[in-house]
Each structure stands twice: as C-alpha cells, then as structure tokens.
Amino acid sequence: MGLRLSRPVDLSRWRLLPELRAEWRHEFDRRTEDLSATLAGGGGRFDTPGRDLASDSLLLGVSLGARLSERLQVGLGYNCDLQSSGGAASHALKLDIAANF
C-alpha cells in the first residue's frame, strides 16, 4: 500500500517533476529456502542458507525530474527501505539521463 505525490512545475525553459513516495510492504511468507549448487564441470558443491525476510518494511523516496528540451530529460532520485527485522535499512541513489533521437 502506498502514496505518491507529484505535480509538474513549469519554469521559463524547463518542466520540473518533483515526486514524493511512501510505500508499506508486508511479507506474508517470510521463510526462504536454502540454495544448493555445484559449479559447472563437476566442481565442488556449496550450500547457501536462506534468510528470513522482514515482516514489514517502509519504502520512502524522493525524486526530481527535468525536461530540458524536447529531446533531453534528466532525473535524480533517492530511495530508503527501512525493514522491521533488526532495523536494517538500504539506500539507493539513481541518476537518469534520457536523449530521444
């Protein structure tokens, strides 16, 4: 379940698109399976234990996009994922550059 707020802002030469996001996620089946694998060519076998997922997490994001011309768009965004188990958090920064030709 989430919420997204966005409203275009027209400046003299550019069109800006600021955006705020909030999303709550609930994991109903938190258990994961262990992974067993062998290397190609009959190499050694190894096991990786599964990790239980967080039951709840909150994803928060903010971004700003700009249309600089008919052919060029840029954007910068940041996301933070806060998880209920162990206070884990992950952060992501994203830069977009799009050129239409």
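About the cut-offs
Residues numbered from 1 in each chain as written. Predicted model: local features only at pLDDT ≥ 70, side-chain atom pairs only at ≥ 80, totals over all residues. Heavy atoms only, no water. Helix = DSSP H or I, 4+ residues; strand = E, 2+ residues; numbered from the N terminus. Contact = heavy atoms within 4.5 Å. Areas by Shrake-Rupley, 256 points an atom, 1.4 Å probe, with all protein chains shown as cover. Pairing = 2+ DSSP bridges. Salt bridge = Lys/Arg side-chain N within 4 Å of Asp/Glu carboxyl O. Patch = residues over 30% accessible without salt bridge, like charges linked within 9 Å, V, L, I, M, F, W, Y side chains within 5 Å.

Draft legend 1. Spotlight on the overall build of the protein chain. A tally of regular secondary structure across the protein chain gives 0 helices and 8 strands. Taken from N to C terminus, the helices and strands of the protein chain fall in the order β-β-β-β-β-β-β-β. Long-range contacts, defined here as pairs at least 24 residues apart, represent 40% of the contacts in the protein chain between residues at least 6 apart. Accessible area of the protein chain: about 8200 Å², with a carbon and sulfur share of 58%.

Draft legend 2. The arrangement of the pairing of strand E6 (residues 56-67) in detail. With 12 bridges joining them, strand E3 (residues 15-26) and E6 adopt antiparallel strand pairing. Bridge assignment links Glu19 to a residue of E6, and that residue is Ser63.

Draft legend 3. Representation of the environment of Ser85 within the structure. Topologically, Ser85 is positioned in the loop between strand E7 (72-83) and strand E8 (89-99). Along the sequence, Ser85 and Ser55 sit 30 residues apart, while their C-alpha atoms lie 7.2 Å from each other.

Draft legend 4. Geometry of the pattern of salt bridges. Counted under the stated rule, the structure contains 5 salt bridges. Residue Lys94 pairs with Asp96 through a salt bridge whose shortest N-O separation is 4.0 Å. The network of salt bridges with common partners includes Arg4, Glu19 and Arg21.

Draft legend 5. The arrangement of a nonpolar patch on the surface in detail. Together, Leu3, Leu5, Leu20, Val62, Leu72, Leu76, Tyr78, Leu93, Leu95 and Ile97 make up a nonpolar patch on the protein surface, roughly 1000 Å² of accessible area in all. Of all elements in the fold, only strand E1 (2-6), E7 and E8 reach the threshold of two or more residues within the nonpolar patch. Within the secondary structure layout, Leu76 lies in strand E7.

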